Amino acid sequence: MADEIHTGGCQCGAVRFRVEGKLGDASVCHCRMCQKASGNFYLPLVSVRGAKVAWTRGQRKRFQSSNAVWRGFCGDCGTPLTFEAPDGMALAIASFDSPEGIAPTIQWGTEAKLPYVDHVPALPGEETMNDLDEASYLADLVSYQHPDHDTDTWPPEERR
């Protein structure tokens, strides 16, 4: 049986990775360090201990957020990529090309959980293009985000 293959990378495409093997536990961390590192309410992570991780384009920059943990990110666009602890590395779930198949099974750091997080799913929801009256720039928006798959080169020739 062939190993599982997972690919991903940052928003701008400067850093790409490939994971060969089974992904480990997936979680959401609410601790204040993860909030700051992701610029978000929490940070969804999946362990890659036991899998082979290769950086297939570029290299992550790293910040030592504590005496035990390093945080990896793209030095060009800032996308959070890794949580690196003495017991192994985890990757940010949203940085995978197919994050929908990586579902968290536990929450950590709940002592810092923001009080409104559990109510977010109950907020009214709209599709992006329903906001054209307030954000008319959306009508002509051209994405420069790297696609959710590997490419031979990046950025496209017309953007270089």
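Everything below is about the structure shown above.
Residues numbered from 1 in each chain as written. Predicted model: local features only at pLDDT ≥ 70, side-chain atom pairs only at ≥ 80, totals over all residues. Heavy atoms only, no water.

(A) Structural context of the sheet that holds strand β2 (residues 16-20). The 3 strands lie next to each other as β1-β2-β5, forming an open sheet whose pairing is antiparallel. Pairing within the sheet leaves two strands with one partner each, and these edge strands are β1 (5-9) and β5 (52-57). If you compare each strand with its neighbour and ignore which way they point, the axes differ by 20 degrees on average. Taken together, the 5 bridges between β1 and β2 define a ladder with antiparallel strand orientation. Residue pairing across strands places His6 opposite Val19, the latter belonging to β2. (Pairing = 2+ DSSP bridges. Helix = DSSP H or I, 4+ residues; strand = E, 2+ residues; numbered from the N terminus. Axes fitted to C-alpha atoms, helices over the stretch in contact; angles between N-to-C directions.)

(B) Expanded view of the pattern of salt bridges. Taken as a whole and judged by the stated rule, the model has 7 salt bridges. Residue Glu20 is joined to Arg18 by a salt bridge in which the shortest nitrogen-to-oxygen separation is 3.0 Å. Judged by its relative accessible area of 26%, Glu20 is partly exposed. A salt bridge links Asp118 to Lys113; the shortest N-O distance between them is 3.0 Å. (Salt bridge = Lys/Arg side-chain N within 4 Å of Asp/Glu carboxyl O. Buried < 20%, exposed > 50% of the residue type's maximum accessible area, 1.4 Å probe, protein only.)

(C) Structural context of the nonpolar core. Judged by nonpolar contacts, the single largest core of 17 residues is most densely connected at Val19 and Phe96. Elements represented by at least two residues in this core include exactly β2 and β9 (88-92). Filtering out sequence-adjacent residues up to four positions away, Val19 remains in contact with Glu4, Ile5, His6, Val48, Ala51, Lys52, Val53, Leu91 and Phe96. With 7 residues, the next largest nonpolar core counts Cys29, Cys31, Cys34 and Leu43 among its residues. (Core = buried A, V, L, I, M, F, W, Y, C linked by side-chain atoms within 4.5 Å. Contact = heavy atoms within 4.5 Å.)

(D) Looking closely at the sheet that holds strand β7 (residues 70-73). Across the sheet, 7 strands lie side by side as β6-β7-β8-β9-β4-β3-β10; this open sheet has mixed pairing. Since the sheet does not close on itself, it has two edges, and those belong to β6 (61-64) and β10 (106-108), each with one partner. Here the strands of the sheet are splayed against their neighbours by 30 degrees on average, with no regard to which way each runs. Pairing geometry for β6 and β7, over 4 bridges, is antiparallel. Along β7, the bridge assignment pairs Phe63 with Arg71.

(E) Representation of the packing of aromatic side chains in the model. The tally for this structure, following the rule as stated, stands at 3 aromatic pairs. When the ring of Phe17 is compared with that of Trp55, the centres are 5.9 Å apart and the planes differ by 75 degrees; the resulting orientation is edge-to-face. Of the two residues, Phe17 is situated in strand β2 and Trp55 in strand β5; the sequence distance between them amounts to 38 residues. Since its relative accessible area comes to 18%, Trp55 is described here as buried. A centroid spacing of 5.3 Å and a plane angle of 80 degrees characterise the contact between Phe41 and Tyr116, whose relative ring orientation is edge-to-face. Residue Phe41 is found in the loop between α1 (32-38) and β4 (43-47), and its partner Tyr116 is found in the segment after β10; the two are separated by 75 residues along the sequence. Judged by relative accessible area, which is 42%, Tyr116 ranks as partly exposed. (Phe/Tyr/Trp six-rings, centres within 6.5 Å; stacked < 30°, edge-to-face > 60°.)

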